Structures are given as C-alpha cells and as structure tokens.
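Structure assessment
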Amino acid sequence: MTRAIDTRIRFAKSVDEREAYLQGVRQLLGVPHAMTLQEKSSLPFSWAKVEVMKRSEWISFGGHTMHHPILAYLTDPSEAEYEVRESRTELERHLEFPVRSFAYPVGKLGDIGEQGVLSVQKAGYTWAVTTEGGINTPQSKPYLLHRFSVDVHHHWLTIAAKVSGVGKKVSSVYNLFANLIKMPTRLLRTYGSKRR
Ligand SMILES: [Zn+2]
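Below or above, wherever it landed, is the structure these notes cover.

1. Things to note about the packing of helix α5 (residues 77-95) against helix α6 (residues 109-122)
It is at 9 Å that the axes of α5 and α6 come closest, and there the two elements cross at 50°. Judged by the angle between their axes, α5 and α6 are oblique. In terms of crossing hand, the pair formed by α5 and α6 is right-handed. Counting all contacts with α5, which are made through Pro77, Ala80, Glu81 and Val84, the residues of α6 involved are Gln115, Gly116, Ser119, Val120 and Lys122. For the contact of α5 with α6, the residue count by class is 4 nonpolar, 3 polar and 2 charged.

Structure (structure tokens):
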C-alpha cells in the first residue's frame, strides 16, 4: 500500500495531480483533509530554526523546490522552472543573502532529466548536487555534482580522506584513515591532546 502510494506520487506529472491524489487517499483513509496541528509541529523545519542556523554561520542554505516534485516527470517545463526558481527567491527573501546552490529532489540522474538541469541554470544557481554517489573533480559538471553520505560518528580525518578521493588512489593512506573508524572517538581525542 505505502509503496503503491509512493510510486504514484513519485511519477506525478504535476504538483496539482499529486496533491489531488493525496487528497483522495486521505478521504479513503478517513483522515482530516488539511494538515493537522500535530503534523505541522512534526515538520522538520521552521523559519525560526533557519534563522538560528543562519546566525551560527556554520550552515549554508540551498534551494530544493517549493513542493518537492521530481523534476524529470513534470509535463509542463514552466512548472519545473517555477518550482526551482521560486524556492531560491523565497529563501533569499528570508535569508537576505544570495542562494547559489540547489539539491534536486530525490536526485538520481533519471529524476533530474534535462528539464531539471535547465531549470536550475535558468534560475541562476551556480551549482547543484545530485544523489549519485562519488567524489567531484575539476572535470565534474557543476550542475550534476555527486555526493555521498558520511557518518558523523566517524573521525573527521576519515571523512576528509573519503571526500578527497585518497581512498581510490593510495589505498595504504586510506587504510590508515579507515582504521581510525574502529578506534573509539574518546581514545582519539586523548591521543590528539597528548600530541599537542
Ligand atoms: Zn528532498
């Protein structure tokens, strides 16, 4: 059931079509047709939280569309353009500084399509990330950058080695870093402070 709903909304030809379908599902399940207060409070973000993150100066922000449609499947190119452009405008309005980066919803190459890349270029973003795994080099396409996930519990040197692509070129250096994963963070901290 969940998979059937997911497939249907994933390949929606427009945001309206997706929302109409979801309304139907809500009706069938007998749940309120509007978002409940409880649902609202469980949303991942609020502008107040964004403001706190902005003030920390540790976090940067990028666009991700207004309604999270999968850009390649939208029938109307102007809808794809609106979703991408408006997300930038809205963010800039709140943040009061330029937004240059974009992350494609879902983000595999098939979900982005030519239409996705064009919309991002037209909206004036400088670069965009996919969810295709891998490192980036100067030859990478700026609107189709690769990413991979990292575990925040891993030592930062391990993450640095992975990000730099050292692992692929010099396996012995990578192995040295990779072994750091196995050491408890506490031990690494002690070792680090003794060295200073
Ligand atoms: Zn997303």
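2. Concerning helix α4 (residues 47-56)
Of all 10 residues in α4, 0 are buried; the element is thus mostly exposed. Of the residues one or two after α4, Glu57 is the one with positive phi, at around 65°.

3. A closer look at the packing of helix α1 (residues 2-10) against helix α2 (residues 15-29)
Two numbers describe how α1 lies on α2: the axes approach to 9 Å, and their chain directions differ by 155°. Judged by the angle between their axes, α1 and α2 are roughly antiparallel. Seen along the crossing, α1 lies across α2 with a hand that is right-handed. Contacts between α1 and α2 involve Ile5, Arg8 and Ile9 on the former and, on the latter, Arg18, Tyr21, Leu22 and Val25. Tallied by class, the residues present in the contact of α1 with α2 amount to 5 nonpolar, no polar and 2 charged.

Scoring rules and cut-offs
Residues numbered from 1 in each chain as written. Predicted model: local features only at pLDDT ≥ 70, side-chain atom pairs only at ≥ 80, totals over all residues. Axes fitted to C-alpha atoms, helices over the stretch in contact; angles between N-to-C directions. Helix = DSSP H or I, 4+ residues; strand = E, 2+ residues; numbered from the N terminus. Parallel < 35°, antiparallel > 145°, perpendicular 65-115°, else oblique. Left-handed = near helix turned anticlockwise from the far one by under 90°. Contact = placed C-beta atoms within 7 Å. Nonpolar A, V, L, I, M, F, W, Y, C, P; charged D, E, K, R; others polar. Buried ≥ 20, exposed ≤ 12 C-beta atoms within 10 Å, placed from the backbone.

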